[in-house]
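Structural description and commentary
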Amino acid sequence: MFSLFNKQKDRQALINPKTEHKVLIINKGKTLLNSALNSGIDWPHKCKVGSCGTCKCKVLSGDIKPQIDFGYVLSTDEINDGYVLACQSELRSDIEVEINLNNNKDKK
Amino acid sequence: MKLFVNARYLIVPFSSLVTIFGIFQGGVFSWIGVILFGIFTLIDTLTRNIHLRAEKDINGNSFGIKEFQYVVMYIMLPVFILLQVALAARLYQYTSGFLIEKSIFLGLGFESGISFFNLIGATLSTGLWAGLGIIYGHELSHNKKEGFFVSRLIMALSGASHFTYAHVYNHHLDLGHQDDPATAPRGRNVYAHAWLSHAGQSKYSYDLEKTKLTKQGKSVLSFHNKWIIGYLYSLPSIFLFIWSGGVLGLVALIGVWSISNFLLEALNFMGHYGLIRKSGNPVEHRHSWDNDNVFTSWFFIEIGRQGDHHVRGETYFWELDDVGAPNYGIGYFSLFVLTLIPSLFRSYVKHLLEDWDKNHATHDESEISNKFKSLGILS
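Our subject in this report is the structure included herewith. The model shown is predicted, which means the values in this text are computed figures rather than measured ones. (Residues numbered from 1 in each chain as written. Chains lettered and ligands numbered in written order. Predicted model: local features only at pLDDT ≥ 70, side-chain atom pairs only at ≥ 80, totals over all residues. Heavy atoms only, no water.)

**A look at the sheet that holds strand E5 (residues 83-85) of chain A**
Residue and element names in this part refer to chain A. With respect to topology, 5 strands assemble into an open sheet ordered E2-E1-E7-E3-E5, the strand pairing being mixed. Edge positions in the sheet fall to strand E2 (22-26) and E5, since each of these pairs with one other strand and no more. Each strand axis lies, on average, 40° off the axis of its neighbour in the sheet, ignoring direction. (Pairing = 2+ DSSP bridges. Helix = DSSP H or I, 4+ residues; strand = E, 2+ residues; numbered from the N terminus. Axes fitted to C-alpha atoms, helices over the stretch in contact; angles between N-to-C directions.)

Right, dumping it as structure tokens:
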């Protein structure tokens, strides 16, 4: 029950493998979004608590550990297509993920 | 420093245990929870001018120990269950006609049986400390692992398990806007807000489940529905109180839940009263009131650093800091007393809201503020 004491490893996320090919290290217990922001990646986000859906991204390969039920924010089709909320995703394995980082640039 | 930073958040755990001890002890000690509430209101008022920043080591890391703080928060679940068991035991003694006499249990003297007057004291004490315990339900609602489930159980002890979902999916997304039932608009008093906010959050939580289950092709009237499950978590409390006190037990439980939910909604009321955010715009520090004098910060595990909390919702309470959000200038206990007298509260916040309109509000927010003023609602 207590995830405080689990022995999760650091993982690696390859962001936009077809275009930008950025490699991101996700320390154990950290979310994909926070790791990206701490690394200076301008990942779209708003609430950071899993309620707005702004940080959603598509996992192309690998396995994430969702911290909440994404069904409240994402549609069934999106979930089936591999979309996750980066602010509520830790990694179970190394992953490849697709995210439109230009969304934020467009707004600025 | 590390020991001090972590130990200072133990005021509620120790006070809750003292309250439980008082109820088990019986007699006038049944009132100890109420007396503690009064003493803490006094301390909070006397320390209203002392404000501290979050302490960090030379590397900029917090002194908070996550494992320790989480163990404390998890332990608060059985503590709050014990609080209800203590009151239920007294209800059982009262309705069973136990004689009021000195007894000894495990070498410790206590008063067996209880008078109606002291039963009221035990009920008020339980309600107040169950309500103050909601701070752990709030903190754990932001932990999406087992902490989220513990949060649901803690809130269920007050019949408010819907809070955990509504707080994260509704309040954090919509605060400062009419879509957030937990935000009190200008002109509303705490008594009206308690009902409107509670019912609004419960409805939101139901609608959230309905939308999700409909999307998934599942029945709303099923055990997939977290809104229904949340209320089922409250059944053990209902059974316990009816078994121990019959109708009087049910009345006592309604009393406990009313007090604890009133305290919860009073915190919501104080957290964002009268602040305005245009829908679609990001939540920023100016959309929350800070209450961060030293005693409030330690007692309420930094829940009063609302400005920082709402912008960094994923941040642990011991890392929250003063971010320059609008500040009431007094602590939650002191402000709570003011909210109980609506005219006094409005008088207190009038100049604070004027300052907010002048120095914090954006053009869009000022326009909405002016609509309130055109209706004669100034604070």
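**What to know about the pattern of salt bridges**
All names here are of chain B. Within the structure shown, the criterion is met by 18 salt bridges over all chains. Linking Arg305 and Asp292 is a salt bridge whose minimum nitrogen-to-oxygen distance equals 2.9 Å. Highlighted residues: Arg305 in the loop between helix H12 (294-299) and helix H13 (306-311) and Asp292 in the loop between helix H11 (235-272) and H12, separated in sequence by 13 residues. Of the two residues, Arg305 and Asp292, both sit in the buried class. One salt bridge in this structure joins Arg305 and Glu302, with 3.3 Å as the shortest N-O distance. The residues Arg305 and Glu302 share a single accessibility class, namely buried. (Salt bridge = Lys/Arg side-chain N within 4 Å of Asp/Glu carboxyl O. Buried < 20%, exposed > 50% of the residue type's maximum accessible area, 1.4 Å probe, protein only.)

**Quick look at the interface of chain B and chain A**
Every contact between the two is made by 24 residues of chain B and, on the other side, 23 residues of chain A. Interface area for chain B against chain A, summed over the two sides, is near 2200 Å², with a carbon-plus-sulfur share of 58%. On the chain B side of the interface with chain A, the three residues burying the most area are Lys144, Lys145 and Tyr169 of chain B, jointly 28% of the side's total. Scanning the region where chain B abuts chain A turns up 2 salt bridges. Its salt-bridge partner being Asp69 of chain A, residue Lys212 of chain B comes within 2.8 Å of it at the nearest N-O pair. Inspection of the chain B/chain A interface yields 7 residue pairs in polar contact (both at pLDDT 80 or more). (Contact = heavy atoms within 4.5 Å. Buried area = accessible area lost by both parts, 1.4 Å probe. Polar contact = N/O pair within 3.5 Å; in protein donor to acceptor, adjacent residues only side chain to side chain.)

**Thoughts on the state of the cysteines**
Residues and elements named next belong to chain A. One pass over the structure, following the stated rule, counts 0 disulfides over all chains. Its sulfur unpaired, Cys47 is 3.6 Å from the next cysteine sulfur, which belongs to Cys52. Residue Cys47 is classed as buried on the basis of its relative accessible area of 6%. Not part of a disulfide, Cys55 finds its nearest cysteine sulfur in Cys87, a span of 3.7 Å. On the accessibility criterion, Cys55 (3% relative accessible area) is buried. (Disulfide = S-S within 2.5 Å.)

Keep in mind these numbers describe shape, not what the thing actually does.
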